[in-house]
Amino acid sequence: MPARPTPLSRRALMAGGLAGTALALVGCDAVDGLLDDDESPGVSGAVSPTAPAVDADSDLVASVLDAVTATGALATAVGTTVPALAGVATRLARLHDAHATELGGAEQADAPAVPAGRAAALRRLAQAETRLQDRLVRAAGQAESGALAQVLASMAAAVAQQRAVLA
């Protein structure tokens, strides 16, 4: 019989979940303010009148958006092609759709060809998720805007958490 969580471990789990939710919400507000050209501070206070112009990061956002939508299309295709991976692939696709929306939305990328075998499809998806996480981390370091850097770092963390499920 599995051990029952102690009240302390339950509180720690709940605090961790709340902290993750707060980080995601902070990131969402920061991107909304950045992309809407809102000069007022978001929840994080990262957007200020002295923040770099939105145009300084527009190419970076477009590049990251392409990577997010391509990885989302792969996750969707894996979920459709390999029913045994539908659960995890659907969660990843939803995450990428939410991130794409936060970055200003995009048209769906074309569905890539996916290997029919479970192991090969999982390997391809895991590699794509790793590349996306690395891209988000690099982009967070390249961002001129602190608010955008926070959002991209938060997205990288979300991908890292989901990658743990793939292992």
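Computed from a predicted structure; not experimentally measured.

Moving on, we get to the packing of helix α2 (residues 58-81) against helix α3 (residues 86-102). Across the interface, α2 lies against α3 with an axial gap of 8 Å and an inter-helix angle of 155°. Put simply, α2 runs roughly antiparallel to α3. Relative to α3, α2 is oriented so that their crossing is left-handed. The residues of α3 that touch α2, namely those facing L65, V68, T69, T71, G72, A75, T76, V78 and G79, are A86, A89, L92, A93, H96, H99 and A100. Its residues assigned to classes, the contact of α2 with α3 shows 9 nonpolar, 7 polar and no charged.

For the second largest pocket, the calculated volume is near 190 Å³. Listing elements by their share of the lining of the second largest pocket, those giving two or more residues are α2 and α4 (118-142). Broken down by element, the lining of the second largest pocket gets its largest block of residues, 6 residues, from α4. The residue inventory of the lining of the second largest pocket, partitioned by class, reads 6 nonpolar, 2 polar and 3 charged.

One way to put it is that α2 packs onto α4 with a least axis distance of 10 Å and a crossing angle of 165°. By the angle between their directions, the pair α2 and α4 is classed as roughly antiparallel. α2 and α4 meet at a crossing whose hand is left-handed. On α4, the residues touching L60, S63, V64, A67, V68, T71, L74, A75 and V78 of α2 are A121, R124, L125, A128, E129, L132, R135, L136, A139 and Q142. Of the residues assigned to the contact of α2 with α4, the class counts are 13 nonpolar, 3 polar and 3 charged.

In this section: the confidence of the model for the protein chain. Here the protein chain averages 78 in pLDDT, and 66% of its residues register 70 or above. Per-element confidence in the protein chain is highest for α4, whose mean pLDDT is 97, and lowest for helix α1 (residues 7-35), whose mean pLDDT is 45. Residue range residues 4-30 is modelled with pLDDT below 50. Its contacts to residues more than four positions away, or to other chains, number 14 contacts. Contacts from residues 37-46, a stretch scored under 50 in pLDDT, to residues over four places away or in other chains number 16 contacts.

Rules and cut-offs
- Residue positions are counted from 1 within each chain, in the order its sequence is given.
- Owing to the predicted nature of the model, reporting of local features is limited to residues with pLDDT of at least 70; listing and counting of side-chain atom pairs is limited to 80 or more, with chain, interface and lining totals taken over all residues.
- By convention in this description, side-chain values take in all heavy atoms of the structure and omit both hydrogens and water.
- Helix axes are fitted to C-alpha atoms over the stretch in contact, other axes to C-alpha atoms as well, and angles between N-to-C directions run from 0 to 180 degrees.
- A helix here means a DSSP run of H or I that spans at least four residues, while a strand means a run of E at least two residues long, and both kinds are numbered starting from the N terminus.
- Roughly parallel covers angles under 35 degrees, roughly antiparallel covers those over 145, roughly perpendicular covers 65 to 115, and oblique covers all other angles.
- Left-handed describes a crossing whose near helix is turned anticlockwise from the far helix through less than a right angle; right-handed describes the clockwise counterpart.
- In what follows, a contact means two residues having at least one pair of non-hydrogen atoms within 4.5 Å.
- The residue classification treats Ala, Val, Leu, Ile, Met, Phe, Trp, Tyr, Cys and Pro as nonpolar and Asp, Glu, Lys and Arg as charged. All others, Gly included, are polar.
- Both site types are read off a 1 Å grid over the protein atoms alone. A 1.4 Å probe that fits but cannot get out defines a cavity, while an open set with protein on both sides within 12 Å along at least five of seven lines defines a pocket; lining residues have an atom within 4 Å of a point.
- Grid points are joined across faces, edges and corners, and a volume is the space filled by probe spheres set on the points.
- Known as pLDDT, the predictor's per-residue confidence is scaled from 0 to 100.

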